[in-house]
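One-letter residues, chain by chain:
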Amino acid sequence: MQAQDIRTTQLPNGLTLVMERMPDVRSAAFSMLIPAGNIYDPPGQEGCAAVLSDLITRGAGDRNSQQLAFDLDNLGLQRSESASGSHLGLSGATIADRLPDVLRIYADIVLRPQLPADQFEAARAGIAQSLHSIEDEPRQKAMQELRRRSYPSPWGLPSDGNLEGLSQLTADTVRAHYENCFRPSETILGIAGNFDVLAIQGLVEEYFGDWQDKPVPTVEVSDWAPNISHIEHESTQTHIGVAYESVPYRDEGYYNAWAAVNILGGGMSSRLFTEVREKRGLCYSVYASLSALRDQGRVFCYAGSTNERAQETLDVMLAELQRLPEGIEEGELERCKAGAKSSLIMQQESSSSRASAVARDWYHLGRVTTLDEVHQKVDALTVPSILKYVDEHPADNFTVLTLGPESLEVNLGVS
């Protein structure tokens, strides 16, 4: 693969800047991870980070909300703002020569947001509508509730919080979240595209160098144990979620974990899709995916079935998860590798993907994994290495969440 030009520097205030120059593209993108995610929501006021992620672009510096939107649109910036567990994320992509102007505006957004009190209700209403919409999406609700039950609180909490927490929020609470959490230390700014590295580094130092650091807020983490639960929901469908422990991205066994999950449920040739949907016709949708926080990992599996076939669907899903240690075919591994390499090629051509990847890598690893390194790790996967991982990290101690008219039995050992 083409050699990557990756530079990393840390400002005296603690902000980490990770840049990847991509001379063959005409765009530039950034991804800024600020340690102000929903794990810092005040208890009983969940949704605070989500409202802040909306409110923070409603005016900054001497621009009001409308002028700020006009100026960003005039730069052709495709942007997004979001809250996740650890971070409040800001990202955008545009033509490369407009990157300096974008960074100058985002310095105002991060360091000098107006957070207008008269727009708080509109921001909160938008998050509330998002939460209401999940009630009409039972599959999304089932997986959200499975995630909540699979990680110790607050790590599994929904990024948008809940309606009860939102109702207790005030504009002052959101401003306090900003004042307490926004800090340069632990903030990561990833930039990728076709730009002058030294010039952009100088601009970042000029725009963000005066950002004053603050103490790190504390987070209370609850005890956690696997559990089985059911949410009653009148429908002709039953939604089934299964989760079990895996390893985080920084673990040396991560790529074996990724391959094992891909073989189980990563596509239309995966075991879950083939056995549960294609051969037995038990469900209309089934998959498995790997979720990795910085220090924890989980495998999440989903199936949607009719009420009449839901129990058999769950039985077969669990049987397939537990059957993996019995053996893996070389063809399954080769399909897994082919998908990974296609993804690497596409990522190499996208400045947005690379900006996101370098910021994410720095958060999880404290360094950037090059595409060539990932390619080598994928190539090094073997059937014995995956089976060794599966033997050391078996699919057991399940957390199961079902959503439908009737609860299901968790029967292990059914084939």
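So, here is what we can say about the structure in this document. (Residues numbered from 1 in each chain as written. Predicted model: local features only at pLDDT ≥ 70, side-chain atom pairs only at ≥ 80, totals over all residues. Heavy atoms only, no water.)

**A closer look at the overall build of the chain**
This is how it is decided: Per the convention used, a helix needs a DSSP run of H or I reaching at least four residues, while a strand needs a run of E reaching at least two, with both numbered from the N terminus. Based on C-alpha atoms, the radius of gyration is set beside the globule rule, defined as 2.2 Å times the residue count to the power 0.38. We call a residue buried when its accessible area falls under 20% of the maximum for its residue type, exposed when it is over 50%, and partly exposed in between, using a 1.4 Å probe and counting protein chains only. Every residue pair with non-hydrogen atoms within 4.5 Å of one another is taken to be in contact.
Helix and strand counts for the chain stand at 15 helices and 13 strands. Against the 2.2 N^0.38 benchmark of 22 Å for 415 residues, the chain shows a C-alpha radius of gyration of 23 Å, consistent with a compact globule. Seen along its three principal axes, the alpha-carbon backbone of the chain occupies a region of about 65 × 50 × 35 Å. By the burial criterion, 52% of the 415 residues in the chain qualify as buried. Partitioning the contacts of the chain with sequence separation of at least 6, the portion at a separation of at least 24 is 82%.

**So, the sheet that holds strand 9 (residues 228-232)**
Basically, it comes down to this: The criterion for strand pairing is that DSSP finds at least two bridges linking the strands in question. Every axis in this analysis is a line fitted to C-alpha atoms, fitted for helices over the stretch in contact. Angles between the N-to-C directions lie between 0 and 180 degrees.
Across the sheet, 5 strands lie side by side as 9-13-10-12-11; this open sheet has mixed pairing. Of all the strands in the sheet, the pair left with one neighbour each is strand 9 and strand 11 (283-292). On average, adjacent strands in this sheet sit at an angle of 15 degrees to one another, irrespective of strand direction. Direction of pairing for strand 11 relative to strand 12 (residues 297-306): antiparallel, over a ladder of 9 bridges. In the sheet register, Cys-283 faces strand 12, and the bridge partner there is Ser-305. Packed onto the sheet, helix 9 (residues 254-265) meets strand 10 (237-246), strand 11 and strand 12 and runs at close to 175 degrees relative to strand 11.

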